[in-house]
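# A structural walkthrough
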Amino acid sequence: MTTAQPSRPPSYELPPLRALEAESVHIFREVAATFERPVLLFSGGKDSAVMLHLAAKAFWPAPLPFPVLHIDTGHNFDEVVEFRDRVVERLGLRLIVASVQDDIDAGRAVEDTGPHGGRNRLQTGTLLRALREGGFDAVFGGARRDEEKARAKERIFSFRDRFGQWDPKAQRPELWHLYNGRHRKGEHIRVFPLSNWTELDIWSYLRDENIDLPALYYAHRRPVVERDGMLLAHTRFLALRPGEQPREALVRFRTVGDATCTGCVESTAATAEQVVAEVAASRVTERGATRADDRISEAGMEDRKKEGYF
C-alpha cells in the first residue's frame, strides 16, 4: 500500500523584482491618500523613468493624480530634454519646469563661472522655490540607498523642515512599513519609492518592462574629455581646461544629470540585457564612477542634502 505524500503548500512569495514593484506601488498610493499636493520629480533619467512607470501602474487606468516637476539647470543633455517632453506628451502629464537660469537672472542665485564652476548646487534653491510656489507637501524622488552613503541614511518618508533642510540624526522610524507623513504648514516630506532598489534592479526592471530611455544610456560614439579620472561629454556647456584635448570614444551613461559634472563610461552595451550583464559585474556605484559633484568633499552629498538637495 502506497502512502500518499502530503502536497506542498502553495507559495505566495513574490519574486524579488515584483516585491520591489509592489512596495513602490504601495508607497505611491499611501502618499496619494495622505497628502494634499504631492509632486513627482522627473528629470528624464533612468530612475525617474522607472518611478514614473511605477506611478502609472499604481493609479491605472486613471491618470496620475499629481504633476511632474523638472529642475532645469540649463545644462541638460539634449537627448534627455527631448525624452522628457516625449514622455510628458505620451502620458498626458502636467509638467512644471523650474529653471535655475530664472533664479540667476532674478539675482536669487549666483553662478560660478570659474574653471571648477557649475550649476548643480544651484538646483537646491530652485527646487525649494518651486515647492513653495506650488504649495507641494510631498515630493517623490528617485534616489536609491545603494547610490551613495548619505542616501543610504534616508528613510522612505524623509521629513524636511520649513527651510527644506534634512537632519539625518532626527529621522522618524519606519517599522512594519508604517510611514509617518505628519508635517506642519511650510514643511514637507521627500518620498523615495525606489529606496530599496539597486542599480541592477533598475536595469532588470527596465529590461523586463521594456521601458523607454534616452539613447545616451546605451553605447554610442561621442567626443569626450578625460578629467579627474572620469570621461566627461564634450558638449557646448563644458569649457576645456588647459591641456585638455577631446577624443572620440564608445561610451554610455550610468546616470544623467548636469552635463558639466556627469561622466560616462566606456562600454559596448547597446541593449538593456547587455547593460544588466555589465552592471552585475561592476564594483563601483554609478555616482562614485561618474558624478564629479560628489567629489567636492568626503561628505559632499550629505552637506547638500542638509541644505535641501534631492
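Each remark here, short or long, concerns the structure printed above.
This is a predicted model, so every value here is computed, not measured.

### Here's the deal with unusual backbone geometry
For the bond running from tryptophan 60 to proline 61, omega is 5°, close enough to zero to count as cis. The backbone phi angle of aspartate 228 is positive, close to 55°, even though this residue is not glycine. In this fold, aspartate 228 is placed in the loop between strand 7 (220–227) and strand 8 (230–233). Residue classification places aspartate 228 among the exposed positions, given a relative accessible area of 55%.

### Some thoughts on the layout of surface pockets
Sizing a probe to match a water molecule and rolling it over the atoms shows the empty space that remains. Approximately 310 Å³ is the volume attributed to the second largest pocket. Broken down by element, the lining of the second largest pocket gets its largest block of residues, three residues, from helix 5 (residues 123–134). In the lining of the second largest pocket, the residues fall into four nonpolar, five polar and nine charged.

### Things to note about helix 6 (residues 199–209)
In terms of burial, helix 6 is a largely internal element, eight of the eleven residues being buried. Taken as a whole, helix 6 has its buried residues at Glu199, Asp201, Ile202, Trp203, Ser204, Tyr205, Leu206 and Glu209. Positive phi appears at asparagine 210, one or two residues downstream of helix 6, with a value of about 55°.

### Brief notes about the sheet that holds strand 8
Strand-to-strand pairing in sheets goes through backbone hydrogen bonds, with the strands running parallel or antiparallel. Strand order in this closed barrel of four strands is 7-8-10-9, and the pairing throughout is antiparallel. Taken over all neighbouring pairs, the strand axes of this sheet differ in orientation by 70° on average, direction set aside. Pairing of strand 7 with strand 9 (residues 247–252) involves five bridges; the strand directions are antiparallel. The partner of arginine 222 across the bridge, within strand 9, is alanine 249.

### Description of the side chain of histidine 70
Mapped onto the secondary structure, histidine 70 falls in strand 2 (residues 68–72). In this structure histidine 70 comes out as buried when scored by relative accessible area, which is 4%. Ignoring anything within four residues of it in the chain, the contact list for histidine 70 reads Phe42, Ser43, Asn76, Arg84, Leu95, Ile96, Val97 and Ala98.

### Describing the state of the cysteines
A full pass over the atoms with the stated rule returns zero disulfides. Among the cysteines around cysteine 261, which has no disulfide bond, cysteine 264 carries the closest sulfur, lying 13 Å off. For cysteine 264, a relative accessible area of 4% translates into the label buried.

### Considerations on the side chain of aspartate 47
Within the secondary structure layout, aspartate 47 lies in helix 2 (residues 46–59). Since its relative accessible area comes to 10%, aspartate 47 is described here as buried. In this structure aspartate 47 touches Gly142, Arg144, Glu147, Leu194, Ile202 and Glu286, once residues within four positions along its chain are discounted.

### Details of the sheet that holds strand 3 (residues 95–99)
Taken in spatial order, the six strands make up an open sheet running 3-2-1-4-6-5, and their pairing is mixed. On the outer flanks of this sheet lie strand 3 and strand 5 (157–160), each paired with one strand and no other. Strand-to-strand, the axes of this sheet are offset by a mean angle of 30°, without reference to chain direction. With three bridges connecting them, strand 1 (residues 38–41) and strand 4 (residues 138–140) associate as parallel partners. In the strand pairing of strand 4, valine 39 is matched with valine 139.

What counts, and where the lines are drawn
Residues numbered from 1 in each chain as written. Predicted model: local features only at pLDDT ≥ 70, side-chain atom pairs only at ≥ 80, totals over all residues. Heavy atoms only, no water. Helix = DSSP H or I, 4+ residues; strand = E, 2+ residues; numbered from the N terminus. Buried < 20%, exposed > 50% of the residue type's maximum accessible area, 1.4 Å probe, protein only. 1 Å grid on protein atoms, 1.4 Å probe; cavity = no way out; pocket = protein on both sides within 12 Å on 5 of 7 lines; lining within 4 Å. Points joined across faces, edges and corners; volume = space filled by probe spheres on them. Nonpolar A, V, L, I, M, F, W, Y, C, P; charged D, E, K, R; others polar. Pairing = 2+ DSSP bridges. Axes fitted to C-alpha atoms, helices over the stretch in contact; angles between N-to-C directions. Contact = heavy atoms within 4.5 Å. Disulfide = S-S within 2.5 Å.

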